[in-house]
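# Descriptive analysis of the structure
Okay, here's what each chain looks like letter by letter:
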Amino acid sequence: MILLPLNIITTTLIGASLAGVACSLIGVFVVRMKLSSLGFCMSHAAFAGAALGLTLSFNPLLMAMIFSLTSALLLGPVAEKAKLHPDVILGVMFSLMLALGLIFLSLAPGTAMTSSALGILWGSVLGIGKMDLLQLGVFTGITLGLIVLFSKEFQAIMFSRKLAEASGINTKPFFYVILFLTGITIALTLKLIGGLLVFALVVNPASSVYQFFYDIKKIILISPLVGVGYCMLGILISLLFDFPVGSSIAIVSSICFGASVVLSPKRKRG
Amino acid sequence: MLRNFLSTPFIKLEDVSTIYEGEKIPAIRDINLTVHQGEMVAIIGPNGAGKTTLLETINGLLPCTAGKVEVLGKDVKKYGSYIRRKTGYVPQEITFAELTPFLVEDVILMGRFGKIGLFKSPTRSDYEKVREVMKLLEIQDLAKKPIGKLSGGQVQKVMIARALAKEPQILLLDEPFSNLDLNALSDISRKISYLHTELNLTTLMVIHNVASIPPSCDRVILINQGRIVEDKLSRKMLNLKHLKRLYRLNL
């Protein structure tokens with residue numbers, strides 16, 4: 001078991017809670033709107049961007065955001081019109097972004113696999129600083145605010161984009177807001193969870209909650225709490241067994257998702 | 001018929017063609033159509049004739065590539081969202097996965113979201129309207145049910161209720177009777193006729209089965225290969241000759 005100073009543990013727990021809230025909220029949209037392939041590509045683009053940032057000694061977070069949002073802007077219209085099968089997008093972009101990320105890391109000055117480089121790959125308990133916390137806090141607040149402010153538009157789009165459009169809602173800006181929020185959330189949580197696994201925290205909590213409720217409002221309310229729970233459990237396991245934090249969160253959330261599928265009342269007869 | 005001369009057309013299409021992205025041949029072409037307030041118009045034609053395209057060109061879900069579409073006196077290209085807030089639309093054969101996380105009452109309320117507008121929450125009167133349309137369609141007992149758990153006929157009624165919840169001036173129905181058993185078909189047909197005759201709701205409906213055209217229908221339009229081949233037919237005038245011509249049947 002790793003023993004860490006209290007202030008680092010506090011910072012990590014607050015950071016993980018914020019990451020859990022932001023990622024799970026975004027996850028409700030990503031899962032319902034079948035944007036997983038796109039989000040998965042965005043998380044790997046963020047990883048490639050952060051790796052390039054390390055190589056160029058330029059702000060990795062900013063580079064992660066630029067890469068993630070650029071991939072969203074390029075792939076958004078493709079996903080929007082479903083002109084390419086999600087598996088094709090996933091197959092091409094995932095390997096491309098991972099390959100780019102690994103090349104950038106190999107070009108990084110000094111020893112290639114420094115702790116910060118490994119951090120963006122696997123996530124690190126020590127990866128979060130006060131500034132990261134502030135950024136994540138502000139962004140989680142913005143995400144929550146937008147979801148509350150446009151809750152009816154987002155609900156209608158999640159139900160059916162075509163029907164939302166038919167009821168007089170201009171859905172395009174909201175669709176791109178969802179992609180934008182996904183891109184930024186992924187970039188901001190990269191240090192904690194790691195580029196390879198951040199998407200587990202986006203998809204797994206929301207997917208677990210979807211197994212229990214038919215009311216989307218309840219799913220939006222409960223998913224962030226479940227996301228925080230998964231993060232806390234993941235961090236505990238990470239500290240107990242000295243596992244990378246991202247891997248621990250991914251494993252915990254995947255096991256819990258599996259359990260929720262088995263226990264889901266929606267899948268029981270009678 | 002006199003009312004048609006007196007009133008401004010609710011729907012007016014002038015030389016309208018619509019081509020899908022990536023296609024070369026228009027799905028509908030050179031369409032000229034005028035529908036007046038309170039009219040009920042049935043559009044019939046074989047599969048792929050362009051019936052759905054015509055409906056979605058009228059409410060602007062599909063932008064026309066040539067010609068001009070005016071609904072409620074406004075150009076659909078410029079005022080698409082405005083027009084869709086005043087037009088109820090029930091798409092063809094809509095189905096939902098069993099686990100879809102939306103309750104019937106919420107689905108119907110969503111029909112009003114465009115009308116309510118940005119930065120505003122639904123008020124008591126919005127919920128009252130939802131209850132009113134559920135009562136009209138006799139689906140009050142479905143309010144708290146998940147949409148994915150309903151039968152085809154129930155889903156169709158919910159979708160009509162959703163379209164009516166916004167208090168539309170025009171109702172566009174795409175094959176409202178498909179996949180329904182006889183009971184559900186006659187029930188929904190009666191409801192649609194009631195909306196037209198009692199509420200004077202301008203209604204355009206795509207119908208696949210000629211026998212299910214409601215008796216209150218004012219006019220039948222035949223469409224084939226993207227063109228209107230017959231307009232201004234009454235339900236009674238529709239005969240074997242028309243059907244032979246339309247479906248190329250050897251009857």
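The structure displayed is predicted, hence computed values, not measured ones. As a convention, each chain's residues are numbered from 1 in the sequence order in which they are written. Here chains are named by letter from A upward and ligands by number from 1 upward, in the order in which they appear as written. Residue-level local features of this predicted model are given only where pLDDT is at least 70; pairs of side-chain atoms are given and counted only at 80 or more, and the full residue set underlies all totals for whole chains, interfaces and linings.

So, on to the pairing of strand 3 (residues 40–44) of chain B. Residue and element names in this part refer to chain B. For strand 3, the buried fraction is high: 5 of the 5 residues fall into the buried class. Exposure classes come from backbone-placed C-beta atoms, where a residue is buried if 20 or more other C-beta atoms lie within 10 Å of its own, exposed if 12 or fewer do, and partly exposed in between. By definition, any uninterrupted DSSP run of H or I lasting at least four residues is a helix, any uninterrupted run of E lasting at least two residues is a strand, and each is numbered from the N terminus. Of the two faces of strand 3, both are covered, the one formed by M40, A42 and I44 as well as the one formed by V41 and I43. Here strand 3 runs beside strand 8 (residues 202–206); their pairing, made up of 4 bridges, is parallel. Within strand 8, the residue paired with V41 across the bridge is L204. Here, any two strands with at least 2 DSSP bridges between them count as paired. Relative to strand 9 (residues 219–224), strand 3 is paired through 4 bridges, and the arrangement is parallel. Its bridge partner lying in strand 9, I43 is registered against I221.

This part is about the sheet that holds strand 2 (residues 28–36) of chain B. By definition, the strands of a sheet pair up through backbone hydrogen bonds, in either a parallel or an antiparallel sense. All names here are of chain B. With respect to topology, 4 strands assemble into an open sheet ordered 2-1-4-5, the strand pairing being antiparallel. Edge positions in the sheet fall to strand 2 and strand 5 (74–75), since each of these pairs with one other strand and no more. When strand 4 (residues 66–71) meets strand 5, the two strands line up antiparallel, connected through 2 bridges. Its bridge partner being in strand 5, E70 is matched across the sheet by D75.

Below, the discussion takes up the packing of helix 7 (residues 151–159) of chain A against helix 9 (residues 171–193) of chain A. All names here are of chain A. All axes here are fitted lines through C-alpha atoms, helices being fitted over the stretch that makes contact, and every angle between N-to-C directions spans 0 to 180 degrees. Contact geometry for helix 7 and helix 9: axes closest at 10 Å, N-to-C directions at 90°. The pairing of helix 7 with helix 9 is recorded here as roughly perpendicular in orientation. Taken together, the residues of helix 9 that come into contact with helix 7 (itself represented by E153, F154 and I157) are T171, F174 and F175. Here the residues of the contact of helix 7 with helix 9 are counted per class, giving 4 nonpolar, 1 polar and 1 charged. Oblique is the label for every angle not falling under 35 degrees (roughly parallel), over 145 degrees (roughly antiparallel), or within 65 to 115 degrees (roughly perpendicular). In this description, any two residues whose backbone-derived C-beta atoms lie within 7 Å of each other are considered to be in contact. For this classification, the nonpolar set comprises Ala, Val, Leu, Ile, Met, Phe, Trp, Tyr, Cys and Pro, the charged set comprises Asp, Glu, Lys and Arg, and every other residue, Gly included, is treated as polar.

All names here are of chain B. In this sheet, strand 2 lies alongside strand 1 (residues 9–18) in antiparallel orientation, the contact comprising 6 bridges. Among the inter-strand pairings, P9 is bridged to a residue of strand 2, identified as H36. Of the strand pairs in this sheet, strand 1 and strand 4 are connected by 5 bridges, and their pairing is antiparallel. Of the residues in strand 4, the one forming a bridge with L13 is V69.

The next point concerns the sheet that holds strand 9 of chain B. All names here are of chain B. In space, the 6 strands of this open sheet follow the order 6-7-8-3-9-10, with mixed pairing throughout. The open sheet terminates on both sides in strands that have one partner only, identified here as strand 6 (87–90) and strand 10 (227–233). Averaged over all adjacent pairs, the angle separating strand axes in this sheet is 15°, with direction ignored. Pairing analysis gives 4 bridges linking strand 6 to strand 7 (residues 170–174), with the strands arranged parallel. Paired with Y89 across the strands is L172, a residue of strand 7.

So, on to the nonpolar core. A19, A46 and L190 of chain A together with I43, I108, V158 and A161 of chain B are the most contacted members of the largest nonpolar core, which has 156 residues in total. Split by domain, this core shows at least three residues from each of two domains, domain 1 (1–86 + 169–251) and domain 2 (95–167) of chain B. Apart from residues lying up to four places away in sequence, I43 of chain B is in contact with K51, L54, L204, M205, V206, I221 and I223 of chain B. A set of buried residues qualifies as a nonpolar core if it consists of Ala, Val, Leu, Ile, Met, Phe, Trp, Tyr and Cys joined through C-beta atoms within 7 Å. Domain segmentation is taken from an automatic or database assignment of domains.

On to the confidence of the model for chain A. Summing up the model confidence of chain A, the mean pLDDT is 88 and the portion of residues at 70 or higher is 93%. Across chain A, the secondary-structure element scoring lowest on mean pLDDT is helix 5 (residues 115–122) of chain A, at 72, and the one scoring highest is helix 7 of chain A, at 96. You can read pLDDT as the predictor saying how much it trusts each residue, on a scale of 0 to 100.

With that out of the way, let us pick up helix 10 (residues 198–210) of chain A. With 13 residues, helix 10 of chain A extends 19 Å from end C-alpha to end C-alpha; this agrees with the ideal 18 Å at 1.5 Å per step. Within helix 10 of chain A, 13 of the 13 residues are buried, which leaves the element mostly enclosed by the surrounding structure. To estimate the expected span of a helix, subtract one from its residue number and multiply by 1.5 Å.

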